[in-house]
There are 2 protein chains.
Amino acid sequence: MKIVVGIDIGGTKTKLGLVCKDGSILSEANFPTTDYPLIDDFILQLSKSIKNLLKEEHELIGIGIGAPNASSKNGTIENAANLNWKGIVPVIEKLKAYFNITIKIMNDASAAALGEKIFGGAKDMNDFMTITLGTGLGGGVVANGQLIDGYDGFAGELGHIDITLGDGRLTGLDIKGGLEAYVSVTGIKRTVFHMLCKYTEDSILRNYSYKELNGEIIYKAALEKDFIALKTYHYTGKILGGALANFVAFTQPQAIFLTGGLLKSGVLLLEPTRKYLEKNLLQVYKGKVKLLESSLMDKNPAILGAASLIWSKN
Amino acid sequence: MKIVVGIDIGGTKTKLGLVCKDGSILSEANFPTTDYPLIDDFILQLSKSIKNLLKEEHELIGIGIGAPNASSKNGTIENAANLNWKGIVPVIEKLKAYFNITIKIMNDASAAALGEKIFGGAKDMNDFMTITLGTGLGGGVVANGQLIDGYDGFAGELGHIDITLGDGRLTGLDIKGGLEAYVSVTGIKRTVFHMLCKYTEDSILRNYSYKELNGEIIYKAALEKDFIALKTYHYTGKILGGALANFVAFTQPQAIFLTGGLLKSGVLLLEPTRKYLEKNLLQVYKGKVKLLESSLMDKNPAILGAASLIWSKN
């Protein structure tokens, strides 16, 4: 049975799974990325995890990897803000020492977009975008039916687009006013503190330190109609909607898929985002852009996205 | 001899020319767009102008048209801010009544980008952008070696991207903070008035009304080291450089070509733009994006761009 390994290298965890051509995941594993500060140790552990998953009946045809700051063209991870390995890491070359088959790597959000096209809701779409809203914000752009790689494979770093004329919050890569400083799990936490500063209303969120606060606490507060939490979601959706309206002017996508941890908040985020997207769209785009949750949300979108790097060519 | 007609429909003038496969222009003509407030009269005049250019030895293989707010997929011009014809105008269908051959239409900036790929400095590039800086600001995006059309052919409307969190100057299409309200021949004029308001230094530009002022006056003042004019170019380049740095995050172009009337100011605009582009680029992009003047600037880029819609397929 032909099989692909899909790998999602994240700042805290590395997840992997065996993926069939129809997008079903046969088995999965994961281990802490942070346990391996040296890249060679990490690659050794990764190769062991892959071998543990494989059984005799599997014919491994390729390995796909999604990772932050990955270059699809160079086969590398370069200067990642949220990983231990600094500089330029030749991931494919190193993993090839263990598996002499096709190995591909890509920006995690680009992989998510490709996954949506191969296994998800974008099967019949030629022009769409995927925005991942996790610790940061990532973008994957499909146009003319193809994933846009960029000159050396770094297209889609939409979290670091400045939305404020250079006068806003800093991102982890030191971009002033960068979108992910507002719209991500980290961004929404920062916004809570902005709102706690701006307003005087009482709020359950006044009981948490910055280090204690997390997305789930904010979400629960909003469900209880907490004033600060509701303001925070509205503000986040307003900024995301406005930014997405700008994004549409580039490649005029038919749909924008949202995915990632922040989406657990559901309509709390989607409703204002949809409103401000439509409001800010240029006339020629109005009514033509769907805002959708990724159809892979309840599966494992990162592993499926990574596996699609191989399955899209087979 | 095989020949293509390239047509540039502009707010004031419509230009056309006979273009050979090598990009040479055999003959040209133009007439005022504004003389024909009814689209059928305009199409009739256009067909006459084309027939006047054609000689017996020419074998017409197609007509390419560049126009503002054109949809390549629908064959239309839709809700153009700077043209008399309102609503949706089926340009290709109407011109087909006179010429039953291949006719293509495209956003003028997208046509300029394709012209750069077929006839200009982007022949060997797969990933680049063209920004046209005229009355407004337009964008054409080439990625993976293909022009990006968008879902129904309206990709690249970069002049209406909001760069100010919804709190800036209005564009002609009512977008608050839209880039072309700052960076275009119109935008630089508006900036002069901002600077005349902000500073108290004397300036030759204090002698002109808003209606009298034009790009040439500003350019000449800058050459004379006029304080307000120099501030204006610096401000414009700073905003354009910052915006281009954002644009790079989408498709990671290898080069950005600039063209249009505002480019007559040469280094006055290019120098600050280049500086702030490089300064604002995300680390992974630094040193990898060339900022270039279009190599078709001294030819007729709009006619060549329009003709490339046909020659790119032949």
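None of these values were measured; they are calculated from a predicted model.

**Looking at the overall build of chain A**
Phase 1 of the analysis: Helix and strand counts for chain A stand at 8 helices and 13 strands.
Phase 2 of the analysis: Radius of gyration (C-alpha) of chain A: 20 Å, near the 20 Å computed for a compact globule of 314 residues.
Phase 3 of the analysis: In terms of principal-axis extent, the alpha carbons of chain A reach across some 60 × 45 × 35 Å.
Phase 4 of the analysis: Across the 314 residues that make up chain A, the buried fraction comes to 58%.

**A few points about the packing of aromatic side chains**
How two aromatic rings sit relative to each other is given by the distance of their centres and the angle of their planes.
Phase 1 of the analysis: A full pass over the atoms with the stated rule returns 15 aromatic pairs over all chains.
Phase 2 of the analysis: When the centroid spacing of 4.6 Å and the interplanar angle of 50° are considered together, the rings of Phe-42 of chain A and Trp-85 of chain A count as tilted. Of this pair, Phe-42 of chain A sits in helix α1 (residues 39-53) while Trp-85 of chain A sits in the loop between β6 (76-78) and β7 (88-89); the two residues are 43 residues apart in sequence, bridging distant segments of the chain. Neither Phe-42 of chain A nor Trp-85 of chain A differs from the other in exposure class; each is buried.
Phase 3 of the analysis: Relative to Phe-42 of chain B, the ring of Phe-31 of chain B lies with its centre 5.6 Å away and its plane at 50°, an arrangement referred to as tilted. Placement of the pair is Phe-31 of chain B in strand β3 (residues 25-32) and Phe-42 of chain B in helix α1 (residues 39-53), with a sequence separation of 11 residues. Residue Phe-31 of chain B shares its accessibility class with Phe-42 of chain B, and that shared class is buried.
Phase 4 of the analysis: Its end group placed over the ring of Phe-99 of chain A, Lys-51 of chain A keeps NZ or CZ at 5.4 Å from the ring centre.

**Some details on helix α4 (residues 185-198) of chain A**
Residue and element names in this part refer to chain A.
Phase 1 of the analysis: Between its first and last C-alpha atoms α4 spans 20 Å; for 14 residues at 1.5 Å apiece the expected length is 20 Å, and the two agree.
Phase 2 of the analysis: Of the residues making up α4, those classed as buried are Gly-187, Ile-188, Lys-189, Thr-191, Val-192, Met-195 and Leu-196.
Phase 3 of the analysis: For α4, the secondary structure elements touched by its buried residues are α5 (215-223) and α6 (227-251).

**A short note on the side chain of Ser-203 of chain B**
Phase 1 of the analysis: Summarising the element assignment, Ser-203 of chain B is placed in the loop between α4 (185-198) and α5 (215-223).
Phase 2 of the analysis: Here Leu-205 of chain B takes part through its backbone nitrogen, which lies 2.9 Å from a polar atom of the side chain of Ser-203 of chain B.

**Notes on the relation of the copies chain B and chain A**
Phase 1 of the analysis: The transform that puts chain B on chain A rotates by 180° and translates by 0.0 Å along the axis, for an RMSD of 0.0 Å. Here the symmetry operator amounts to a two-fold rotation axis. Judged by C-alpha distance, Thr-164 of chain B is the residue of chain B that lies nearest the rotation axis, at 2.6 Å.
Phase 2 of the analysis: Taken together, the interface assignments show that 100% of the residues at the interface of chain B recur at the interface of chain A, consistent with an identical surface on both copies.

**Let's talk about the interface of chain B and chain A**
Phase 1 of the analysis: Taken residue by residue, the interface counts 42 residues in chain B and 42 residues in chain A.
Phase 2 of the analysis: When the area that chain B buries against chain A is broken down by residue, the three leading residues are Tyr-151, Phe-250 and Leu-282 of chain B, summing to 21%.
Phase 3 of the analysis: On inspection of chain B and its partner chain A, the count reaches 4 salt bridges.
Phase 4 of the analysis: Ionic pairing is found between Asp-152 of chain B and Lys-288 of chain A, a salt bridge with its closest N-O pair at 2.9 Å.
Phase 5 of the analysis: Linking chain B to chain A there are 24 residue pairs in polar contact (both at pLDDT 80 or more).
Phase 6 of the analysis: Ranked by the residues each element gives to the side of chain B that touches chain A, the list is headed by helix α6 (residues 227-251) of chain B, at 6 residues.

**Points about the pattern of salt bridges**
All names here are of chain B.
Phase 1 of the analysis: Within the structure shown, the criterion is met by 8 salt bridges over all chains.
Phase 2 of the analysis: The closest approach of N and O atoms between Asp-40 and Lys-94, which form a salt bridge, is 2.8 Å. Of this pair, Asp-40 sits in helix α1 while Lys-94 sits in helix α2 (residues 91-96), placing them 54 residues apart in sequence.
Phase 3 of the analysis: The class for Lys-94 is partly exposed, based on a relative accessible area of 24%.
Phase 4 of the analysis: Between Lys-220 and Glu-216 there is a salt bridge, and its shortest N-O distance comes to 3.5 Å. Taken as a pair, Lys-220 and Glu-216 lie in helix α5 at a separation of 4 residues, close to a single helical turn.

**Quick notes on the domain arrangement of chain A**
Residue and element names in this part refer to chain A.
Phase 1 of the analysis: Split by domain assignment, chain A resolves into domain 1 (2-116 + 299-311) and domain 2 (125-293).
Phase 2 of the analysis: Once you take the C-alpha centre of each, domain 1 and domain 2 turn out to be 26 Å apart.
Phase 3 of the analysis: The partner domain 2 presents 20 residues to the 18 residues of domain 1 that form the contact.
Phase 4 of the analysis: Both faces considered, domain 1 and domain 2 share a buried interface measuring about 1400 Å² in area, 59% of it formed by carbon and sulfur atoms.
Phase 5 of the analysis: In this structure, the connection of domain 1 to domain 2 is made through 0 salt bridges.

**So, the nonpolar core**
Phase 1 of the analysis: By size, the foremost hydrophobic cluster in this structure holds 106 residues, and its most contacted members are Ile-131, Leu-133 and Phe-247 of chain A together with Ile-131, Leu-133 and Phe-247 of chain B.
Phase 2 of the analysis: Once residues lying within four places of it in the same chain are set aside, the contact partners of Phe-247 of chain B are Phe-250 of chain A together with Met-129, Ile-131, Leu-158, Ile-161 and Leu-179 of chain B.

Reading the values: the criteria
- Per chain, the residues get numbers from 1 upward, laid out in the order the sequence is written.
- Chain labels run from A onward and ligand labels from 1 onward, assigned in the order the entries are written.
- Local features in a predicted model are, by the rule used here, given only for residues with pLDDT of at least 70; side-chain atom pairs are given and counted only at 80 or more, and totals for whole chains, interfaces and linings are based on all residues.
- Neither water nor hydrogens contribute to the side-chain values; these are computed over all heavy atoms in the structure.
- Under the scheme used here, helices are H or I runs from DSSP no shorter than 4 residues and strands are E runs no shorter than 2 residues, and both carry numbers assigned from the N terminus.
- This radius of gyration counts C-alpha atoms alone. The globule rule is 2.2 Å times how many residues there are, raised to the power 0.38.
- Each residue gets one of three labels from its accessible area relative to the maximum for its type: buried under 20%, exposed over 50%, partly exposed in between, using a 1.4 Å probe on protein chains only.
- Centres within 6.5 Å are what make two rings of Phe, Tyr or Trp a pair, Trp counting through its six-membered ring; a difference in plane orientation under 30 degrees is then read as stacked, over 60 as edge-to-face, and the rest as tilted.
- Should the NZ of a Lys or the CZ of an Arg lie within 6 Å of a ring centre and within 35 degrees of the ring normal, that charge is described as sitting over the ring.
- For a helix, the expected span equals 1.5 Å multiplied by the residue count minus one.
- Between two residues, a contact is recorded if the distance between any of their heavy atoms is within 4.5 Å.
- For the purposes of these results, a polar contact is taken to be a pair of N or O atoms within 3.5 Å, where, inside protein, one atom must be able to donate a hydrogen and its partner to accept one; residues adjacent in sequence count only when each atom of the pair is a side-chain atom.
- To superpose the copies, least squares is applied to the C-alpha atoms of every residue with a pLDDT of at least 70 in both.
- Buried area, as used here, totals the accessible surface that two parts lose on assembly, with accessibility defined by a 1.4 Å probe and the loss added over both.
- Should a side-chain nitrogen of Lys or Arg be within 4 Å of a carboxyl oxygen of Asp or Glu, the pair is scored as a salt bridge.
- Note that domain bounds follow an automatic or database assignment of domains.
- Buried Ala, Val, Leu, Ile, Met, Phe, Trp, Tyr and Cys residues form a nonpolar core when they are joined through side-chain atoms within 4.5 Å.

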